[in-house]
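Here is what each chain is made of, one letter per residue.
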Amino acid sequence: MKKKLISRGLLGFPLGMAMGFAITVGISLWIGDGAYYPAVPELIHAMGTELNAVMCQSLLCGVLGSGFGMASLIWTIDSWSLAKQSGVYFSIVCAIMLPIAYAAHWMEHSLNGVLAYFALFAAIFAAVWIAQYWAWRVRVKRMNDRVEKANAEK
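Below is a short write-up of the structure. These figures come from a predicted structure and were not determined experimentally.

With 22 residues, helix α4 (residues 82-103) extends 31 Å from end C-alpha to end C-alpha; this agrees with the ideal 32 Å at 1.5 Å per step. Taken together, the buried positions of α4 are Gln85, Ser86, Tyr89, Phe90, Val93, Cys94, Ile96, Met97, Leu98, Ile100 and Ala101. In this structure, the buried side of α4 is in contact with α3 (50-71) and α5 (111-153). After α4 finishes, the residue histidine 105 shows a positive phi value of roughly 65°.

This is the structure we're talking about:
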């Protein structure tokens, strides 16, 4: 288990950095003025220079990727119910995501900002969870149908 935790954490770090970069490219494209926005202005101001902000944000995205990667081991604990796995996973990723989002200035530094970011994060988590649940439900039904068909042919 420790070996898997470490390997997922190590793999998650560069993946987190890559996703952070891809998100900044996506945001820059969405803004659509031809400029690249590597970090929010508040982080650039807090870090003193754009380069410092990008280095800080890259490190934070790497830590975020490591945390999500390590937390994904929760889904391999077969003795836990889906509800327990989901609750524990959500709690862990919230404990990782919210402080990093705050430090990176991805949220307004106020109670309303934190609550709004949490609500958005929870909504995205729920949407992804529901999509994954239904996808796996369909896969399991297909496998069961194949098993039934094979058994009926015997």
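Let's shift gears to the side chain of glutamine 85. Tracing the backbone shows glutamine 85 in helix α4. On the accessibility criterion, glutamine 85 (7% relative accessible area) is buried. Setting aside residues no more than four positions away along its own chain, glutamine 85 makes contact with Ile74, Trp75, Thr76, Ile77, Asp78 and Trp80.

What follows is about the packing of aromatic side chains. With the rule as written, the count across this model stands at eight aromatic pairs. Taking 5.3 Å as the distance between ring centres and 5° as the angle between the ring planes, the aromatic pair formed by tryptophan 129 and tyrosine 133 counts as stacked. One end of the pair is tryptophan 129 and the other is tyrosine 133, both in helix α5 and four residues apart, which spans about a single turn. On the basis of relative accessible area, tyrosine 133 is assigned to the partly exposed category, the value being 32%. Sitting above the plane of the tryptophan 136 ring, arginine 139 keeps its charged end 4.5 Å from the centroid.

Criteria and cut-off values
- Residues numbered from 1 in each chain as written.
- Predicted model: local features only at pLDDT ≥ 70, side-chain atom pairs only at ≥ 80, totals over all residues.
- Heavy atoms only, no water.
- Helix = DSSP H or I, 4+ residues; strand = E, 2+ residues; numbered from the N terminus.
- Expected span 1.5 Å × (residues − 1).
- Buried < 20%, exposed > 50% of the residue type's maximum accessible area, 1.4 Å probe, protein only.
- Contact = heavy atoms within 4.5 Å.
- Phe/Tyr/Trp six-rings, centres within 6.5 Å; stacked < 30°, edge-to-face > 60°.
- Lys NZ or Arg CZ within 6 Å of the ring centre and 35° of its normal.

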